[in-house]
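# A look at the structure
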Amino acid sequence: MKSDVSRPEEGDHLASDYSYYYTLLQETFDQMNDYKPRQIGDENETSSTIELDEEEEQQGKQQVKTKGLKEILTSLLLIEDQEKSDKNEWDKAQEEDKMMLEANHNKKTKAMLDFRTECQEYDDILDQTTRVRKRKSRAATAAIASAVVAVDSENNPNQKSTPSGAPVAATGPQRRLWVKTRSKDWWDKCNNPDFPDQEFRKAFRMGKDTFEMICNELTSVVAKENTMLRDAVPVRQRVAVCIWRLATGEPLRLVSRRFGLGISTCHKLVLEVCSAIKNVLMPKYLQWPDDESTAMIKDEFASVSGIPNVVGSMYTTHIPIIAPKISVAAYFNKRHTERNQKTSYSITVQGVVDPRGVFTDVCIGWPGSMPDDQVLEKSALHQRANGGLLKDVWIVGSCGYPLMDWVLVPYTQPHLTWTQHAFNEKIGEIQRVAKDAFARLKGRWSCLQKRTEVKLQDLPVVLGACCVLHNICEIRNEEMDPQLMIELMDDEMVPEAALRSANAMKVRDSIAHNLLHHNHAGTSFLS
């Protein structure tokens, strides 16, 4: 008899039953084959006795066989009945589980649909309430404005009217709503034409003429119109808030008190004016030199160092920031932390300057954990060089940059020769131009020396505005207070692959040889 058993937990039990009955059947056959009714003791028994014994033996075997077969058949019938019973119980349990699962699913679906319906009804009620509230607010505002206009028309007999007879407020000061009265005495004093230029320069790091030029350039972008509720902040005050914040690095609450504006308004003005400087003034005052300017830059650097074809001096500095919420390890500045014994986070500013210290290229915003050579590889300057736009020219960098076909760096190996010492001295003179420019940048705009409240995503715009304002001051020969000068503390690390061009190495050796043998190199390295 063949039976299919689908439940794995019953398989072992049935297998053991079959094994038992198979053993029972085997024992039955063995008994049938080995059956002996009794021992024959006397060999001399008669033949009749022998025949009787043989007959008894045959009957015994037949009885054993019949009994064994009955037991086997009975057992198989019992097994089949047990299988049917177990299968019926299993099917019944499965059906009960299925019905219970469907009932639970239907119950949960109904609950979710009811909850969704309630949410939709609540949203509809909330939207309706909001619309009614806005409608009432607009009606109240219009009523108050009409009352203000009516009062002004009674007080001002010269007030104009529209053709329909509706009164129009006369030009001049009017009442404004929701404006907190704040003192603007300090700004009014600075904005006075009689305010001394020296004091103005000390406060805003530039003279009145330069400040006026910046305001005129930005007027079309930052100017706002007056509304019925309040007067717009004037352009001069907007620009002044931004420049004062960048120059002093004061907290926004102090800037707010000084200019008589709200804290959030000051923060918004700083970002708006910085964005306008980046979009309007950066294309005019921070750009890569054209061919004519490049020739002049080459001549000036050659007159200073004797090294030909130098179009810029490159340097990378770090700007401290508050620990960001994401990618904290990327912005961790290990070298500053070890030197200052205080956890430091920073972003980098890479810049190329001309002989006057004016930026011609900047790369802002890469994390402070990146070394100078990796920042260079990520910059647009590196892409420009790979495109062949810096062919046959040099940009001088420090030992933190690799030697490439367009980047000229000093010798870094120990035990330098006189020729190499002389070359490093001249490279140092060019490199000092960039370092001094960054020192003036950070000294003039003190916000770069401390951790700022500006968000990380807005910081590149603010730093770019500082670089543009620096260029404007340098181009217009704005004198800087010597007390504002600082000493830069940016650690330089020699890159792992310091030599990336065999041809550049040969050219550098030739330049070093010419400097020493054509009397362009100094002799300070001998002292």
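Everything discussed here concerns the structure shown above.
In this text the structure is predicted, and so the values were computed from the model without any measurement.

This part takes up the overall build of the protein. Of regular secondary structure, the protein possesses 16 helices and seven strands. Within the protein, counting contacts between residues at least 6 apart in sequence, those at least 24 apart form 70% of the total. In the form shown here, the protein has an accessible surface area of approximately 32300 Å², with 52% of it arising from carbon and sulfur atoms.

Here His415, not a glycine, exhibits a phi torsion of approximately 60 degrees, which is positive. Take His415: it is sitting in the loop between β7 (407-408) and α14 (418-444). According to the relative accessible area criterion, His415 is exposed, its value standing at 78%. A positive phi is found at Asn477, a non-glycine position, where the angle reads about 55 degrees. Assignment of secondary structure puts Asn477 in the loop between α15 (459-475) and α16 (502-517). Residue Asn477 is classed as exposed on the basis of its relative accessible area of 65%.

Next up on the list: empty space enclosed by the protein. Per the counting criterion, the structure on display carries four cavities of 30 Å³ or more. Here the largest cavity defines a volume of roughly 70 Å³. Lining the largest cavity are Arg245, Leu246, Val270, Ile319, Cys447, Leu448, Thr452, Val454, Leu459, Val462 and Leu463. Of all the elements in the fold, those that place two or more residues in the lining of the largest cavity are α6 (235-248) and α15. Ranked by residue count, the leading element in the lining of the largest cavity is α15, at three residues. Residue composition of the lining of the largest cavity, by class: nine nonpolar, one polar and one charged.

With that out of the way, let us pick up the side chain of Thr248. In this structure, Thr248 sits in helix α6. Here Thr248 falls in the buried class, since its relative accessible area comes to 17%. Here the side chain of Thr248 touches Trp244 through a polar contact of 2.7 Å, landing on its backbone oxygen.

The nonpolar side chains of soluble globular proteins are, as a tendency, buried together. By size, the foremost hydrophobic cluster in this structure holds 97 residues, and its most contacted members are Phe204, Ile214 and Trp445. Ranked by the residues each element gives to this core, the list is headed by α15, at ten residues.

Positive charge collects at one region of the surface, where Arg131, Lys134, Arg135, Lys136 and Arg138 lie side by side. Note on placement: Arg138 falls in helix α2 (residues 47-155). Residue classification places Arg138 among the exposed residues on the basis of a relative accessible area of 53%.

So, on to the layout of surface pockets. Regions of empty space are outlined by a rolling probe, equal in size to a water molecule, passed over the atoms. Each pocket or cavity is described by its volume, and for the second largest pocket that value is around 490 Å³. Residue lining of the second largest pocket: 22 residues in total, with Pro320, His336, Asn340, Ser344 and Gln449 positioned closest to the centre. Those elements that provide at least two residues to the lining of the second largest pocket are β3 (310-321), α11 (334-340) and β4 (345-353). Partitioning the lining of the second largest pocket into residue classes produces seven nonpolar, eight polar and seven charged.

Let's shift gears to the pattern of salt bridges. On inspection of all chains with the given rule, the structure shows 13 salt bridges. In this structure, the salt-bridge partner of Arg201 is Asp197, at a minimum N-O distance of 2.9 Å. Here Arg201 pairs with Asp197, and both are found in helix α4 (residues 197-204), just four residues apart, close to one helical turn. In this structure Asp197 comes out as partly exposed when scored by relative accessible area, which is 32%. Each of Asp197, Arg201 and Glu478 takes part in a single network of salt bridges with overlapping partners.

Let us look at helix α9 (residues 291-305). For α9, spanning 15 residues, the distance from its first C-alpha to its last is 21 Å, which sits close to the expected 21 Å at 1.5 Å a residue. Along α9, the positions that sit buried rather than exposed are Thr294, Ile297, Phe301 and Ser305. Considered in projection along α9, the buried side chains sweep an arc of 60 degrees and stay on one side of the axis. In α9, those exposed residues whose orientation departs by more than 90 degrees from the buried face are Glu292, Asp299 and Ser303. Where α9 is buried, its residues touch β3, β4, α14 and α16. A positive backbone phi angle near 85 degrees is found at Gly306, which sits one or two residues after α9.

As a further point, take the environment of Gly357. Within the secondary structure, Gly357 sits in the loop between β4 and β5 (359-367). Residue classification places Gly357 among the buried positions, given a relative accessible area of 0%. Remark: the alpha-carbon pair of Gly357 and His470, spanning 113 residues in sequence, is separated by 9.2 Å. Each residue touching Gly357, except ones within four places of it in the same chain, is listed here: Val433, Ala437, Arg440, His470 and Glu474.

The rules behind each value
Residues numbered from 1 in each chain as written. Predicted model: local features only at pLDDT ≥ 70, side-chain atom pairs only at ≥ 80, totals over all residues. Heavy atoms only, no water. Helix = DSSP H or I, 4+ residues; strand = E, 2+ residues; numbered from the N terminus. Contact = heavy atoms within 4.5 Å. Areas by Shrake-Rupley, 256 points an atom, 1.4 Å probe, with all protein chains shown as cover. Buried < 20%, exposed > 50% of the residue type's maximum accessible area, 1.4 Å probe, protein only. 1 Å grid on protein atoms, 1.4 Å probe; cavity = no way out; pocket = protein on both sides within 12 Å on 5 of 7 lines; lining within 4 Å. Points joined across faces, edges and corners; volume = space filled by probe spheres on them. Nonpolar A, V, L, I, M, F, W, Y, C, P; charged D, E, K, R; others polar. Polar contact = N/O pair within 3.5 Å; in protein donor to acceptor, adjacent residues only side chain to side chain. Core = buried A, V, L, I, M, F, W, Y, C linked by side-chain atoms within 4.5 Å. Patch = residues over 30% accessible without salt bridge, like charges linked within 9 Å, V, L, I, M, F, W, Y side chains within 5 Å. Salt bridge = Lys/Arg side-chain N within 4 Å of Asp/Glu carboxyl O. Lys, Arg positive; Asp, Glu negative; His and termini not counted. Charge placed at Lys NZ, Arg CZ, Asp CG, Glu CD. Expected span 1.5 Å × (residues − 1). Arc of directions from axis to C-beta.

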